[in-house]
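What the coordinates show
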Amino acid sequence: MAQKKSVQDYIRTIPDFPHEGIMFRDVTTLFGDPRGFRMAVDQLLHGFAGEQIDKVVGLEARGFILGGAIAHQLSTGFVPIRKKGKLPGKTLEQAYSLEYGEAIMEVHADAIEPGERILMVDDLLATGGTAEAGIKLIEKLGGIVIGCAFVIDLPELGGRDLLSGLGMHVHALCEFEGA
């Protein structure tokens, strides 16, 4: 077996999931390997070396895994942004577009203090809709998004361009062609 040298080497591709024609990039193989997972967390943070980060926000669901590990490494708090109806306290919500229809993300109304510097984390950047909703929620609470970190970027789908157009520093560890 060849030695794995980059984060991309740990990511499994599953053809035709969840629909025919989709090449699903499965990060569970990355998370399941101690070297790969450590490499991903370290490299996600590397893009923000020297930045003050008060809290880490993770987007549902794989962003929770990465965000929790990064928050632990930074000795800072972690904030989940979830799909509507999953958080028990008072929330703020933000709608975003899906391929067919719309969805809503929520954050607890007291999760971020005004002026806190936030690193937002998720496993995959595709169209950027979920990430944009996360940014809007953070900003509604007065947080300052210092950057967005992703394991995978699918550049053909335009998410990086969308987030960069919002003034975001986008850091991704690898890219895959296609959807």
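In short, a report on the structure. Within each chain, residue numbers correspond to sequence positions counted from 1 in written order. Residues qualify for local features only when their pLDDT is at least 70, as the model is predicted, and side-chain atom pairs are given and counted only at 80 or more; totals for whole chains, interfaces and linings, by contrast, use all residues. As a rule here, side-chain values cover all heavy atoms of the structure and leave hydrogens and water aside.

**What to know about helix α3 (residues 62-74)**
We apply this condition: What counts as a helix is a DSSP run of H or I of at least four residues, what counts as a strand is a run of E of at least two, and both are numbered from the N terminus. What a helix is expected to span follows from its residue count: subtract one and scale by 1.5 Å. Each residue is placed in one exposure class: buried if its accessible area under a 1.4 Å probe, protein chains only, is under 20% of its type's maximum, exposed if it is over 50%, and partly exposed if it falls in between. The contact rule is simple, with two residues in contact once any of their heavy atoms fall within 4.5 Å.
The end-to-end C-alpha separation of α3 is 19 Å, in line with the 18 Å expected for 13 residues at 1.5 Å each. Of all the positions in α3, only Gly63, Leu66, Gly67, Ala69, Ile70 and Ala71 are classed as buried. Among the structural elements, α1 (28-31), α2 (34-46), β3 (55-59), β4 (77-83), β7 (117-125) and β8 (144-153) are those in contact with the buried residues of α3. Downstream of α3 by a residue or two, serine 75 has a phi angle that is positive, lying close to 55°.

**A look at the packing of α2 against α3**
Cut-off, in case you're wondering: With axes taken as lines fitted to C-alpha atoms, and helix axes fitted only over the stretch in contact, angles between N-to-C directions fall between 0 and 180 degrees. With respect to orientation, any angle under 35 degrees is reported as roughly parallel, any angle over 145 as roughly antiparallel, any angle of 65 to 115 as roughly perpendicular, and every other angle as oblique. Should the near helix be turned anticlockwise from the far one by less than a right angle, the crossing is termed left-handed; should it be turned clockwise, right-handed. Think of it as three bins: nonpolar holds Ala, Val, Leu, Ile, Met, Phe, Trp, Tyr, Cys and Pro, charged holds Asp, Glu, Lys and Arg, and polar takes everything else, Gly as well.
At their nearest, the axes of α2 and α3 sit 10 Å apart, and the two run at 70° to each other. As the angle between them shows, α2 and α3 are arranged roughly perpendicular. Seen along the crossing, α2 lies across α3 with a hand that is right-handed. Every residue of α3 that contacts α2 at Phe37, Arg38, Val41, Asp42, Leu44 and Leu45 is listed here: Ile65, Leu66, Ala69, Ile70, Gln73 and Leu74. Taken together, the residues that form the contact of α2 with α3 break down as 9 nonpolar, 1 polar and 2 charged.

**Observations concerning the pattern of salt bridges**
What counts is decided by this rule: Any Lys or Arg side-chain nitrogen found within 4 Å of a carboxyl oxygen on Asp or Glu counts as a salt bridge.
A full pass over the atoms with the stated rule returns 10 salt bridges. In this structure, glutamate 51 engages arginine 117 in a salt bridge whose closest nitrogen and oxygen atoms are separated by 2.5 Å. Taken as a pair, glutamate 51 in the loop between α2 and β3 and arginine 117 in strand β7 lie far apart in primary sequence, 66 residues in all. You can call glutamate 51 partly exposed: its relative accessible area is 36%. For arginine 117, a relative accessible area of 23% translates into the label partly exposed. Residue arginine 160 pairs with aspartate 153 through a salt bridge whose shortest N-O separation is 3.1 Å. A residue is classified by how much of its surface remains accessible, and arginine 160, at 26% relative accessible area, is partly exposed. We classify aspartate 153 as buried; its relative accessible area is 0%. Members of the salt-bridge network, linked through shared partners, are Lys84, Glu93 and Glu106.

**Quick look at the sheet that holds β7**
In a beta sheet, neighbouring strands are held together by backbone hydrogen bonds and run either parallel or antiparallel to one another. Note the threshold: When DSSP finds at least two bridges between two strands, those strands are taken to pair.
Within the open sheet, the 7 strands sit side by side as β5-β6-β4-β3-β7-β8-β9. Their pairing is mixed. At either margin of the open sheet sits one strand with a lone partner, and together these are β5 (91-98) and β9 (170-175). On average, each strand axis in the sheet is inclined to that of its neighbour by 20°, with strand direction left out of account. Taken together, the 5 bridges between β3 and β4 define a ladder with parallel strand orientation. Following the sheet pairing, glycine 58 is matched in β4 by proline 80. Here α3 sits on the sheet and contacts β3, β4, β7 and β8; the angle it forms with β7, its principal contact strand, is near 140°. Sitting on the sheet, helix α4 (residues 129-140) touches β3, β4, β5, β6 (101-108), β7 and β8, and the angle it makes with β5 is about 155°.

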